[in-house]
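Understanding the architecture of this molecule
Below are the chains, spelled out letter by letter.
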Amino acid sequence: MKKALHDESGVFFTFREGDLIAWRPHDIDMLLSAANDASDYEVSKKNGFTILKKNGVVVTRVSLEDEFCSIVHDWMCDFVDEGVTDELIDELNDVLADIRYIHVLMPSESGIPYWQNNVADMNKSPNVLEAAGYAFAHQLTIGGLEGLKRCQLPDCENFFIGRPNAKWCSKSCGSKYRVRKKRKRGLE
Ligand SMILES: [Zn+2]
């Protein structure tokens, strides 16, 4: 069990399979890598069946992990393009509407246990949409998505948190971009 701390701002909790899991502001890094890892599935139809392919290989279904990644990816796209719109808030509220909140008894160093309140109960059969929605919505409320951008190198397009004028997710993307621009100019 991860240790839960009292009154730590920006921390929220989910409860799953007997474990209280603390999420902290820096978990935005986890969401960023989830969005950046989102794989593209190729969907086609054959003889009335839907065929799903990942990297050219037929798969029976989208894995839960990939589902999580692609949901977060789509919300991040919306956020980068439009910011926090009423539609985004409505959509997240719809996703989160059925989450049950519980309070959990926690041990403490003094020996006197305490209640941890407002813990999202994620004990039901894994609901990826709810888990992704909760993590994403929480980051919105604590400003974790402020400065969210997409790398402007066309074959990268990774999400990252950057300064207002930042264009690339990394130095290497910046230099690749400049090299290509130079080459283009050389061809003119
Ligand atoms: Zn990049």
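These lines cover the structure that appears in this document, whether it is placed above or below.

What counts and what doesn't
- Residues numbered from 1 in each chain as written.
- Predicted model: local features only at pLDDT ≥ 70, side-chain atom pairs only at ≥ 80, totals over all residues.
- Helix = DSSP H or I, 4+ residues; strand = E, 2+ residues; numbered from the N terminus.
- Expected span 1.5 Å × (residues − 1).
- Buried ≥ 20, exposed ≤ 12 C-beta atoms within 10 Å, placed from the backbone.
- Pairing = 2+ DSSP bridges.
- Arc of directions from axis to C-beta.
- Contact = placed C-beta atoms within 7 Å.

Take helix α2 (residues 64-82) next. The end-to-end C-alpha distance of α2, which contains 19 residues, comes to 27 Å, matching closely the 27 Å that a straight helix rising 1.5 Å per residue would cover. Inspection of α2 places D66, F68, C69, S70, I71, V72, W75 and M76 among the buried residues, and these make up the whole buried set. Of the residues trailing α2, G83 is marked for its positive phi of about 75°.

Bringing the pairing of strand β2 (residues 19-23) into the picture now. With five bridges joining them, strand β1 (residues 12-16) and β2 adopt antiparallel strand pairing. The partner of T14 across the bridge, within β2, is I21. Linking two consecutive strands that pair antiparallel, namely β1 and β2, is a turn of two residues; a positive phi of about 45° is found at E17 within it.

Another point: helix α1 (residues 28-37). Residue pairs three or four apart in sequence face the same way in an α-helix, which turns once every 3.6 residues. Of the positions making up α1, those classed as buried are I28, L31, L32, A34 and A35. An end-on view of α1 places all buried positions within 160° of arc, on one side of the element. Looking at the buried positions of α1, the neighbouring elements they touch are α2, α4 (128-141) and β9 (159-161).

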